[in-house]
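Breakdown of the fold
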Amino acid sequence: MTKDKVLIFDTTLRDGEQSPGATMTHDEKLEIAELLDDMGVDIIEAGFPIASEGDFRAVSEISRLAKTATICGLARANYKDIDRCWDAVKHAKSPRIHTFIGTSPLHRAIPNLDMDQMAERIHDTVTHARNLCDNVQWSPMDATRTEWDYLCRVVEIAIKAGASTINIPDTVGYTAPVESADLIRRLIATVPGADQVIFATHCHNDLGMATANSLAAVAGGARQIECTINGLGERAGNTALEEVVMALKVRGDIMPYETGIDTTKIMNISRRVATVSGFPVQFNKAIVGKNAFAHESGIHQDGMLKNSETFEIMRPEDVGLSGTSLPLGKHSGRAALRAKLKELGFELADNQLNDVFVRFKDLADRKKEVYDDDLIALVRQNDAAEDRLKLKHLRVVCGTDGPQTAEMVLEIDGEDKSITATGDGPVDASFNAVKQLFAHSARLQLYQVNAVTEGTDAQATVSVRLEEDGRIATGQSADTDTVVASVKAYVNALNRLIVRRGKTAPGVDTKGVSYKDAG
Ligand code: KIV
Ligand code: ZN
């Protein structure tokens, strides 16, 4: 059976990054784009160029760096947005402009356009985009709550004006599989010119049906799925790339479609997106959750030992999890560390390896067995040389007979400052010490602790999200001492916030741009 190709359009850097708190730094965006390109994503939606200088710079640079993927930028239905988008994507080998407008009754009311006025706007803006770029995608936002007749009418207009991809967004996660397939089928069957374009599906997960709705749309004739790594995205998120790609791979018998994704790269990018976005993956998340391939119950283990297919429909190696994962220990040398890191997807330069090796030895002294996840946490410790704040010393007194105190030395701009602070518990006392040494008005939005591996000597990974005047920064760290990991994560978030203070005006980021302003 020959399989139809389904294009994978990744919007982690646009719809995913738009999720409150998931803001990524410029370098992180470039790194994620490189991983997406490398894993075979067909189209990368790299950002919303009009939203901020930062978004524009990221989309421009990703356009220049991309090797094979088409690079796409988002633009509302006005000339200014579209021009700015073109200026950012035009450097790509294969650029695309993605322009959209809300077509449902609720969305039409926002710019106060009647059906005819909106139809005219669509014609004008798609024509304008097409005059700049050969590859134009058009989306009727909230398509699934738009009157179907009107939807057919505007899709026809967009096709006639030159759009080559028509994306049908389920913006609020409202549709269901049967309807999702029917809608695409109806558009293909009735809209003149529909056979000349590719229909795309873009689903949100508000009712937990994004993956099912996307696959149903493919059954209905869509040949592009829009998705994000780990299902990152506003509210309940977008369709998860790893879910649709693996569903098509595992159930090729009933869904005869193929993607160009190298699935062995899934785990690595999932972990990386979780780290840089500050949105950890839930343990029982399909495909990439920590428990997705764990078989702990006695019956399961027995069955697995006899034949792994008893309870496994795909192999861990298919998604980039190595089958054997013997832990390293304090006697492991540099060569063993290098080999293990390579297996985990990290190819480090010699100086980087030296740095990680020192931290590995330190960890192995404190922890008998160093597992894969420990190493990943270790590699991702981000003590950048340019950080203004560095934790030099921390001693905490805690227990049943308070007061809890934290004695701390923090290097601020190269100068050591020390203090002893109290608080409601060791973490609170330590955070108070940081605040007293480096006064700031940032508010703690999220404080989250996870054990990297099992056992009481496990490392804790801590995520801290801070908000200051509309700017959000997330910091992470890992250590066998939970309080040390917490303070390092807090300091990491502060360092990122300081960088952000210098770069963007408050509130002027992707989230600051209103979709309502379609005019
Ligand atoms: O969900 C949505 O409607 C979108 C559009 C901008 C395509 O993200
Ligand atoms: Zn969306």
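Values in this document were obtained by computation on a predicted structure and should not be read as measured data.

**Regarding the domain arrangement of the chain**
One can read the domain layout of the chain as domain 1 (10-253), domain 2 (324-380) and domain 3 (389-501). If you average the C-alpha positions of domain 1 and of domain 3, the two centres end up 39 Å apart. With 6 residues of domain 1 at the interface, the matching set in domain 3 holds 5 residues. For the pairing of domain 1 and domain 3, the buried interface totals around 410 Å² over both sides, and the portion due to carbon and sulfur atoms is 40%. Linking domain 1 with domain 3 are 1 salt bridge, by the criterion used here. Close ionic contact of Arg496 with Glu28 constitutes a salt bridge, the shortest N to O distance being 2.4 Å. In the side of domain 1 that touches domain 3, the residues fall into 2 nonpolar, 3 polar and 1 charged.

**A word on the side chain of Thr99**
One can find Thr99 in strand E5 (residues 95-102). Under the relative-accessibility criterion, Thr99 is labelled buried at 0%.

**Overview of the pairing of strand E2 (residues 7-10)**
Regular strands place side chains that alternate from one sheet face to the opposite one. Residues Leu7 and Phe9 of E2 are buried on one face, and the alternating residues Ile8 and Asp10, pointing to the opposite face, are buried as well. Pairing of E2 with strand E9 (residues 224-227) involves 4 bridges; the strand directions are parallel. The residue bridging Phe9 from the neighbouring strand is Glu226, located in E9. Bridge analysis of E2 against strand E3 (residues 43-47) gives 2 bridges, and the strand direction is parallel.

**Notes on the coordination of the zinc ion (ligand 2)**
Surrounding the zinc ion (ligand 2) are the protein donor atoms Asp15 (OD), His202 (NE2) and His204 (NE2), at 2.0 to 2.1 Å. Motif for the zinc ion (ligand 2), donor spacing along one chain: D-x186-H-x1-H. One end of the pair, Asp15, is in helix H1 (residues 12-16); the other, His204, is in the loop between strand E8 (198-203) and helix H9 (210-220), with 189 residues separating them in the sequence. We classify Asp15 as buried; its relative accessible area is 3%. We classify His204 as buried; its relative accessible area is 5%.

**Focus on the nonpolar core**
Ranked by size, the top nonpolar core spans 87 residues in total, and within it Trp138, Val155 and Ile166 carry the most contacts. Per-element accounting of this core gives the leading share, 9 residues, to helix H7 (residues 148-161). Beyond its immediate stretch of four places on either side in the chain, Val155 contacts Trp138, Ile166, Ile168, Leu187, Val191 and Phe199. Listed in part, the 30 residues of the second largest apolar core include Phe438, Val462, Val484 and Ala489.

Basis of the calculations
- Residues numbered from 1 in each chain as written.
- Chains lettered and ligands numbered in written order.
- Predicted model: local features only at pLDDT ≥ 70, side-chain atom pairs only at ≥ 80, totals over all residues.
- Heavy atoms only, no water.
- Domains from an automatic or database assignment.
- Contact = heavy atoms within 4.5 Å.
- Buried area = accessible area lost by both parts, 1.4 Å probe.
- Salt bridge = Lys/Arg side-chain N within 4 Å of Asp/Glu carboxyl O.
- Nonpolar A, V, L, I, M, F, W, Y, C, P; charged D, E, K, R; others polar.
- Helix = DSSP H or I, 4+ residues; strand = E, 2+ residues; numbered from the N terminus.
- Buried < 20%, exposed > 50% of the residue type's maximum accessible area, 1.4 Å probe, protein only.
- Pairing = 2+ DSSP bridges.
- Donors = N, O, S within 2.8 Å, 3.2 Å for Na, K, Ca; no water.
- Core = buried A, V, L, I, M, F, W, Y, C linked by side-chain atoms within 4.5 Å.

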